[in-house]
Amino acid sequence: MSKIFILNSLLLLSQIPNPEVKFLDLKNKLEKKGFQVIIALPPKRGAYGLLREADKKIWINPVVFELHIGTQTLIHETVHAAQVCAGKGKIKTLGLDIQASNYARPFFRRYTDVKRQDLEREAYAVQTQPNSFELAVSLLQQHCK
């Protein structure tokens, strides 16, 4: 079963137009921490990325590679992965002292649930930093031992 999954994942990755080195590096780091990164349509319609905390699965919508936002999408989901690790399996905010850009505000403000809005605010805050990749890796290493 896992060999078939790995082969399917490799096939899907081979069809991605030039996945960025940072994307592949981050994907590998997540997988070493026990997360499964799946390049496929997420179970939630319209999502670019989705993390299901119960089984540590992360879906990345293949369209993000055509839009050239693959790495940013995975960075966002990596923050959620760190939030799951920090909450010991239950997603919780990290208490980061950084702000999301004004551009990102509409994306997390659309969530009506305050807890979800706070979780998304952190993910968008990291995603929109100039050093977003390094920040995401640091959070993953810090919270997912």
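Right above here is the structure, for reference.
A few points on the structure.

Calculation rules
- Residues numbered from 1 in each chain as written.
- Predicted model: local features only at pLDDT ≥ 70, side-chain atom pairs only at ≥ 80, totals over all residues.
- Heavy atoms only, no water.
- Salt bridge = Lys/Arg side-chain N within 4 Å of Asp/Glu carboxyl O.
- Helix = DSSP H or I, 4+ residues; strand = E, 2+ residues; numbered from the N terminus.
- Buried < 20%, exposed > 50% of the residue type's maximum accessible area, 1.4 Å probe, protein only.
- Disulfide = S-S within 2.5 Å.

1. Things to note about the pattern of salt bridges
Item 1. Tallied over the full model, the rule gives five salt bridges.
Item 2. A salt bridge links Glu31 to Lys27, with the nearest nitrogen and oxygen atoms 2.7 Å apart. Of the two residues, Glu31 and Lys27 are both situated in helix 2 (residues 21–32); the distance of four residues between them amounts to about one turn of the helix.
Item 3. Using a relative accessible area of 31% as the deciding quantity, one classes Glu31 as partly exposed.
Item 4. The partner of Asp55 in a salt bridge is Arg52, and the shortest N-O contact between them spans 2.5 Å.

2. Re the state of the cysteines
Item 1. Summed over the entire model, instances satisfying the criterion amount to one disulfide.
Item 2. The disulfide bridge from Cys85 ends at Cys144, spanning 2.0 Å between sulfur atoms. In this structure the cystine formed by Cys85 and Cys144 twists about its S-S bond by roughly 100°; its chirality is therefore right-handed. Residue Cys85 is found in helix 4 (residues 70–86), and its partner Cys144 is found in the segment after helix 7 (132–143); the two are separated by 59 residues along the sequence.
Item 3. Residue Cys144 is classed as buried on the basis of its relative accessible area of 3%.

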